[in-house]
Amino acid sequence: MSLPLPLAGVRILTFEAFGAGPFGSMYLADLGAEVIKIENRAQGGDATRGMGPYFLGEHDSHFFQTFNLNKRSVCLDLKTAEGQAIFRKLAAKSDAVLNNLRGDQPDKLGLTYAALRECNPRLVCAHLSAYGRDNERRAWPGYDYLMQAEAGFLHVTGEPGTPPARMGLSIIDYMTGITTALALVSALFGAARSGLGRDIDVSLFDVALHQLSYPGTWYLNEKLVTGRAPRSAHPSATPVQLFKTADGWIFIMCMTEKFWQELLKVIAAPHIAQDPRFATASLRREHRDDLTPLLDAEFERDTTAAWLAKLQGVLPAAPVYDMAQALENPFPLANGMIRNTPHPERADFRSFANPIKLDGARLPARSGPALGADTDTVLKELGYSSDDIAGFKSRGIL
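Think of each chain on its own: its residues are numbered from 1, step by step along the sequence as written. Whole-chain, interface and lining totals are the exception, using all residues; otherwise, since this is a predicted model, local features are given only for residues with pLDDT of at least 70 and side-chain atom pairs are given and counted only at 80 or more. For the side-chain quantities, the full set of heavy atoms in the structure was used; hydrogens and water were omitted.

A. Quick look at the overall build of the protein. Of regular secondary structure, the protein possesses 18 helices and 13 strands. Oriented by its inertia axes, the alpha-carbon framework of the protein measures out at about 85 × 50 × 40 Å. In this description, contact between two residues means that some pair of their heavy atoms is separated by no more than 4.5 Å. Taking the intrachain contacts of the protein between residues at least 6 apart in sequence as the baseline, contacts between residues at least 24 apart amount to 66%. Carbon together with sulfur atoms contributes 58% to the accessible area of the protein, which is approximately 20,000 Å² in total. Under the DSSP-based scheme used, a helix requires at least four consecutive residues in state H or I and a strand at least two consecutive residues in state E, with every element numbered from the N terminus. Under the convention used here, a 1.4 Å probe and the Shrake-Rupley method define accessible areas, while residue burial counts only the protein chains that appear.

Right, here's the structure in full:
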């Protein structure tokens, strides 16, 4: 008999929209947690339900499905006394509450541990905000692109001499979501041992700054400003960058001396191997601008595919694909990273699998919930009758 998913039996209530919160909570749902999205029907629920250009019936979209697989949906208006009473009753039977609201909102909506500890002392309250809840920016709205801008990402991305450029994907949203998921699971582990929950705070800005990693450490200690290098090159290791081939581009990563020596064997270019300018890693970095055209000339002798056939398993190398090539690539199709996730509006809807495997198998998936799809079921589980639920709906509570 196979083991249950590791978070089976854990219930997490979420107040979330857009990318960061839903991305993080989807990891928890994929791993077996019962993630219940608390949505406001009057506002159309999660804002991504109405984000195009591609929709799946009313209050649903490709965008929404991307971040909300394996979840449930309950419509509830927390700005009413009855809505608060229902929520507190639900929180009493849950393990965590997660929100990605503006930093000043959790206190106003009663989503903090201080507000909920009386109904459930073991409850973990996770707050994912733009700038945090304990500083002068707590009321500021914020998005991924703004964090990339202020944390310096736009000046280490792209080619030298061009305008500042953001990363092509909302990587800060995704990293913040995963960071929050890790923090929440860690707090749940602690609560299981101590019997007490707590507040957890993670902000987009803090995660963005933290992701500056070693270039940030270099600056903090040596005042070295890491800028943009041609061909998306690594700031110190060489050759670690793009090179031209006969029909496109290839990315080569000689992060160690061993890989440099392997590359020299494959390209069989004695004029490069014997050039004293490239004898050591530091010399190759110093003479990168001289080395690049020489390696271009070698790689342009054959196609990207031909070079990959020679290099794969020898040193780290990859083709440079556009979106279509990346998603039609046989490898992710064969290893299960792209799969069918049937949707009521589209039986052939496809999605990405969670990158985590358990016992060698991909995690199961079902499509994201319709707006309020689980409202009646969840409220009946709390002991409310059909008449109670009808009354709540007539008063706009659900």
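B. Highlighting the sheet that holds strand E7 (residues 240-244). With antiparallel pairing, 3 strands are arranged side by side in an open sheet as E7-E8-E9. Edge positions in the open sheet fall to E7 and strand E9 (317-319), since each of these has one partner strand only. The average angle at which neighbouring strand axes cross in this sheet is 25°, direction not considered. Relative to strand E8 (residues 249-253), E7 runs antiparallel, the two sharing 5 bridges. Within the sheet, the bridge partner assigned to Leu242 lies in E8 and is Phe251. Helix axes are fitted to C-alpha atoms over the stretch in contact, other axes to C-alpha atoms as well, and angles between N-to-C directions run from 0 to 180 degrees. Here helix H14 (residues 304-311) sits on the sheet and contacts E8 and E9; the angle it forms with E8, its principal contact strand, is near 25°. At least two bridges found by DSSP between two strands are what make those strands a pair.

C. Focus on the nonpolar core. Ranked by internal contacts, the top residues of the largest apolar core, which has 26 residues, are Ile38 and Phe87. Broken down by element, the residue count for this core peaks at 4 residues, all from helix H3 (residues 81-91). The residues contacting Ile38, other than those within four sequence positions of it, are Leu13, Thr14, Phe15, Val74, Leu76, Leu78 and Leu90. Among buried residues, the Ala, Val, Leu, Ile, Met, Phe, Trp, Tyr and Cys ones that are joined through side-chain atoms within 4.5 Å form a nonpolar core. To sort residues, take the accessible area from a 1.4 Å probe on protein chains only and compare it with the maximum for the residue type: under 20% means buried, over 50% means exposed, and anything in between is partly exposed.

D. Local environment of the sheet that holds strand E3 (residues 72-75). Taken in spatial order, the 6 strands line up as E3-E2-E1-E4-E5-E6 in an open sheet, and their pairing is parallel. In this open sheet, the two edge strands, each paired with only one partner strand, are E3 and strand E6 (198-203). Direction aside, the axes of adjacent strands within the sheet are offset by 20° on average. Across 4 bridges, strand E4 (residues 96-99) lies against strand E5 (residues 124-129) in parallel orientation.

E. Local environment of the environment of Val156. Note that Val156 resides in the loop between helix H6 (144-150) and helix H7 (171-194). For Val156, a relative accessible area of 42% corresponds to the partly exposed category. Once the C-alpha coordinates of Val156 and Gly372 are considered, the two residues, 216 residues apart in sequence, prove to be 43 Å apart. Once residues lying within four places of it in the same chain are set aside, the contact partners of Val156 are Thr226, Gly227 and Arg228.

F. Summary view of the state of the cysteines. Cysteine sulfur atoms are paired as a disulfide whenever they fall within 2.5 Å. Under the criterion given, the structure shown has 0 disulfides. Here Cys125 is not cross-linked by a disulfide; its sulfur's nearest cysteine counterpart is in Cys119, at 8.5 Å.

G. Main features of unusual backbone geometry. In this model, Gly52 is joined to Pro53 through a cis peptide bond whose omega is 15°. Inspection of the secondary structure assignment puts Pro53 in the loop between strand E2 (34-39) and helix H2 (62-67). Between Thr238 and the following residue, Pro239, the backbone shows a cis peptide bond with an omega angle of -5°. Its location among the elements puts Pro239 in the loop between helix H9 (213-222) and E7. One non-glycine residue with positive phi stands out, namely Asn70, at about 70°.

H. Structural context of the environment of Pro53. What makes Pro53 exposed here is its relative accessible area of 66%. Pro53 sits 214 residues away from Ile267 along the chain, and the two C-alpha atoms are 46 Å apart.

I. Spotlight on the pairing of E2. Counting buried positions over the 6 residues of E2 gives 5, a clear majority of the element. Here strand E1 (residues 11-15) pairs with E2 via 4 bridges, running parallel. By the bridge assignment, Ile12 is partnered in E2 with Val35. With the strands pointing away from the viewer, any crossover whose connection runs clockwise from the first strand over the helix to the second is right-handed. With respect to chirality, the unit in which E1 leads through helix H1 (residues 20-30) into the neighbouring parallel E2 is right-handed. Where E2 meets E3, 4 bridges bridge the pair, whose relative direction is parallel. Across the sheet, Lys37 pairs through a bridge with Ser73, a residue of E3. Crossover E2 to E3 through H2 is right-handed.

J. Spatial organisation of helix H10 (residues 257-267). By the burial criterion, the buried members of H10 are Trp260, Leu263, Leu264 and Ile267. Down the axis, H10 shows its buried residues gathered within 100° of arc, on one side only. Facing away from the buried side of H10 by more than 90 degrees, the exposed set consists of Lys258 and Lys265. On its buried side, H10 packs onto E8, helix H11 (270-273), helix H12 (281-286), helix H13 (288-299) and H14. Count one or two residues on from H10 and you reach Ala268, which has phi positive near 50°. What the arc measures is the spread of directions leading from the helix axis to the C-beta atoms.

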